[in-house]
Amino acid sequence: MTRPMTQPMTQGTTVAIDKIVPGWSAPNRERARWLLERYPQRRSALMPLLYLAQLEHGHLTDEAQRQVAELTGLTAAQVLAVSSFYTMYKRDHVGRYLISVCTSISCYLLGGDDVLEAVEIQAGAHDGETSPDGLFTVEHVECLGACGGAPAVQVNYEMIEGVRPEKARGLCDWLRTASPQVVFGDEMQALFGGQRSFDWGPSETEGAIAPVPAFGPYGSVGGSS
Amino acid sequence: MTDFPRILTRLMTEHPSDSHTMARYEDSGGYQALRHGLAMAPADVAAVIKASNIRGRGGAGFPTGVKWGFLAPATPRYLVINGDESEPGTFKDRQLLERDPHALIEGVILSAYALGCNHAFIYIRGEYPKPARRVQHAVDDAYAAGYLGGDILGSGFDVEVTVHLGAGAYICGEETAMLNSLEGLRGEPRIKPPFPAVQGLYAKPTIVNNVETIANVPWMVRNGGGAYAAIGPQGSSGTRLFSLSGHVNRPGNYEIVMGMTWGEFIEDLGGGVRNGRALKTWIPGGASAPWFVPDEHLHLPVTIDDTGKAGSMLGSGAVVVMDETTNVVAAAHRMVRFFAHESCGLCTPCREGCDWLERMLWRILNGHGRPYDLEMLLDVCDNISPGLRWPPAQTTICPLGPSAVQPVRSILTWFRDEVEAMIGAGRGVEGALVG
Ligand SMILES: Cc1cc2nc3c(=O)[nH]c(=O)nc-3n(C[C@H](O)[C@H](O)[C@H](O)COP(=O)(O)O)c2cc1C
Ligand code: FES
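Residues numbered from 1 in each chain as written. Chains lettered and ligands numbered in written order. Predicted model: local features only at pLDDT ≥ 70, side-chain atom pairs only at ≥ 80, totals over all residues. Heavy atoms only, no water.

Undergrad: I keep staring at the interface of chain B and chain A and nothing clicks. Help me out?
TA: Accessible area lost upon the coming together of the parts serves often as the stated size of an interface. On the chain A side, the residues contacting the 75 residues of chain B number 62 residues. Buried area between chain B and chain A, both sides added, is near 5400 Å², and the carbon and sulfur share of it is 58%. Of all residues in chain B, R94, R133 and R334 of chain B give up the largest surface area on contact with chain A, accounting jointly for 13% of the area buried on that side. The interface formed by chain B and chain A holds five salt bridges in total. Connecting chain B to chain A are 27 residue pairs in polar contact (both at pLDDT 80 or more). Considering each element in turn, the side of chain B that touches chain A owes the most residues, 10 residues, to helix α8 (residues 129-144) of chain B. (Contact = heavy atoms within 4.5 Å. Buried area = accessible area lost by both parts, 1.4 Å probe. Salt bridge = Lys/Arg side-chain N within 4 Å of Asp/Glu carboxyl O. Polar contact = N/O pair within 3.5 Å; in protein donor to acceptor, adjacent residues only side chain to side chain. Helix = DSSP H or I, 4+ residues; strand = E, 2+ residues; numbered from the N terminus.)

Undergrad: Help me understand the packing of helix α8 (residues 165-178) of chain A against helix α9 (residues 185-192) of chain A in this model?
TA: A pair of packed helices is characterised by two quantities: the angle between their axes and the separation of those axes. Residue and element names in this part refer to chain A. Taken N-terminus to C-terminus, the directions of α8 and α9 make an angle of 130°; their axes are 10 Å apart at the nearest point. One way to sum up the angle between α8 and α9 is to call them oblique. Crossing hand, α8 versus α9: right-handed. Along the contact surface, α8 presents K167, G170, L171 and W174, while α9 presents E187, M188, L191 and F192. Taken together, the residues of the contact of α8 with α9 break down into five nonpolar, one polar and two charged. (Axes fitted to C-alpha atoms, helices over the stretch in contact; angles between N-to-C directions. Parallel < 35°, antiparallel > 145°, perpendicular 65-115°, else oblique. Left-handed = near helix turned anticlockwise from the far one by under 90°. Nonpolar A, V, L, I, M, F, W, Y, C, P; charged D, E, K, R; others polar.)

Undergrad: Would you mind showing me how to read the side chain of R55 of chain B here?
TA: Residue and element names in this part refer to chain B. Note on placement: R55 falls in the loop between α4 (42-52) and α5 (64-69). Note on R55: relative accessible area 18%, which makes it buried. Those residues within four positions of R55 in sequence are excluded, and the remaining contacts are G61, F62, P63, T64, G235, I304 and D305. (Buried < 20%, exposed > 50% of the residue type's maximum accessible area, 1.4 Å probe, protein only.)

Undergrad: Would you mind showing me how to read the sheet that holds strand β6 (residues 252-257) of chain B here?
TA: Each strand in a sheet pairs with another by means of backbone hydrogen bonds, the pair being arranged parallel or else antiparallel. Residues and elements named next belong to chain B. Pairing within the open sheet is mixed, and its four strands lie in the order β6-β5-β8-β7. The open sheet terminates on both sides in strands that have one partner only, identified here as β6 and β7 (279-283). Adjacent strand axes in the sheet meet at a mean angle of 30°, parallel and antiparallel pairs treated alike. Pairing of β7 with strand β8 (residues 318-323), which is carried by four bridges, proceeds in the antiparallel orientation. Across the sheet, W282 pairs through a bridge with V321, a residue of β8. (Pairing = 2+ DSSP bridges.)

Undergrad: Whenever I open this one, the pattern of salt bridges confuses me. Can you help?
TA: Note on pairing: side chains with opposite charge can pair once their charged atoms come close. Tallied over the full model, the rule gives 34 salt bridges over all chains. One salt bridge connects R133 of chain B with E204 of chain A, and the closest N-O pair in it is separated by 2.6 Å. Taken together, the positions of R133 of chain B in helix α8 and E204 of chain A in the loop between α9 and β5 (206-208) put the pair across two chains. Take R133 of chain B: its relative accessible area is 2%, and that puts it in the buried class. Overall, E204 of chain A belongs to the buried group, its relative accessible area being 14%. Look at the salt bridges and you will find they share partners, linking D18, R29, E30 and R33 of chain A into a network.

Undergrad: Can you help me understand the site of ligand 1 in this one?
TA: Residues and elements named next belong to chain B. Taken together, the neighbourhood of ligand 1 is formed by 17 residues, with G58, N82, N209, N210 and T213 sitting nearest. With respect to ligand 1, the backbone of R57 contributes an N or O atom lying 3.2 Å from an oxygen atom. One of the side-chain N or O atoms of N209 is found 2.8 Å from an oxygen atom in ligand 1. In isolation ligand 1 has 610 Å² of accessible area, and contact with the protein removes 90% of it. When residues in the shell around ligand 1 are grouped by element, the largest group, three residues, is from strand β4 (residues 206-210). Residues of the shell around ligand 1, tallied by class, amount to three nonpolar, eight polar and six charged. (Near = heavy atom within 4 Å. Areas by Shrake-Rupley, 256 points an atom, 1.4 Å probe, with all protein chains shown as cover.)

Have a look at this one:
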């Protein structure tokens, strides 16, 4: 858990978090409290809280969105207006591993479409769909900011650069058989990546435990910090 | 190229194993500029930035010192760092966030001090969890060291930093959409004026700056604005990080002094086009920038003003190279598809127009183009960006729609014969509906 500010910006602590989300894990209720104190206005905690709710519920169910509405003092419609605007909020079931293949310009020029096709076949899910076994959701995405290491792929938003179609197939097989609890960008890069946009430096000890960006305040980080 | 200080990449190049840590940053003179700056009057720190003549690295190239001068006196005021980096071809801020987060944070504290802001937000795109982790750890360490929080280094100045993640929307890189997003709203741009410097976050005076812009601030405070202004050609001062990708031998981020020619940039830095092929065209500044072609533009200097005068822009500093085998209609379609997907839907010309452009290009690509499609493409473009001028006019609230026009304009300007040939070779479907 990250260090608190010198003082809370908003009185998030007055929100009856334990009553609103009694089913959430204790650490995630604590995170919700912390997030509500990060902003001058409670409504601003909406985006981070949606990630937290998605982590708790697997995807943004109607119930999860109603809970976030209560936490932020908004109506369910106001929450839906936001959750439906951003592509990373998933209101439908998502597989355990979300595989995002970049097909924007630089990746397109270097074979991103072939990588997408390889992933679709090997994961057993078409673009935008989830495999019948619930393991994979496959999506094509716009530029991931890895164009110097095109084509780029993310698994649960952890980056792999310089991916060729045969390596993409290997990645799907590996996820299926090794079934990692935490996916680490460095590990996947070493196994299935190639050319990188830049030197990544030392390898990281943190990775993603779910198809939610692995960021400490959202509790979606695995490994050790 | 003559020698110049590696302002942005020195630390990560010299100390690749730990440039992101507090220990290494402090060891290399980090947070000394902060001590120096806090001993100055806030207005004097702002004057350093003004004197540097730096122009924003986020896309528009607006002089940072001038923008800061517009900040209204009301309080509280906010500083928002734009780390949304989603312009196709751009990956420079990712490297700065991952490899040297403390330079950004020191820049944030100094900028907040100069501007009288007590709360800064670092907005990072959702697909960048690793950069966000690095920044959050650096923020935590800066709090622990007393560089953030209350009464920083006994100066009496307080600043809080909140790291905020986006959720997959390019439009949130537009500064007013970003402010809406931070307020917990849909990321839709606001009508300007009022500009953020007058009414921004929570309707309070707000400065929005790009990650790279602010990462330069500690160096400026340490060395003086004049020293920064002295680097590089007039109007394009300082060093700048360019993202090079596409069909080049050596893709990557390059910190350079502006002023070299495009030919030198692609050949010397990028190692030339892959597989010994010929250069067909390149995008000089991200997907929103009109394309350049060898005959017309290879000899031009890489500067903000020269690129602007030639009808394009350095934008986000993203150079995408395409070789002679590139199907330019397919490439343009790919870029227009991006804008169609990312249109927030607020303005009709953008929401409907980008979609039309995408579908018409798709139809041409698939052999169903019709002779009058060229005029229709231009007509749709004209409805989004009247007159098809540069810099573009717009019928929309923000420049996203006009950006979608640029790839179409580019292929119809430089490769019209190829588009016509593709239509001629196709079957054509007389009377069919668009789509
Ligand atoms: C559609 C659109 C997307 C943008 N995306 C970004 C971005 O990802 N990063 C960025 O710094 N600026 C982006 N900008 C520019 C910002 O609106 C703003 O000009 C910039 O952040 C100001 O910082 P600077 O003056 O330091 O460049 C975008 C603008 C538009 C219209
Ligand atoms: S185009 Fe694929 S990462 Fe940028």
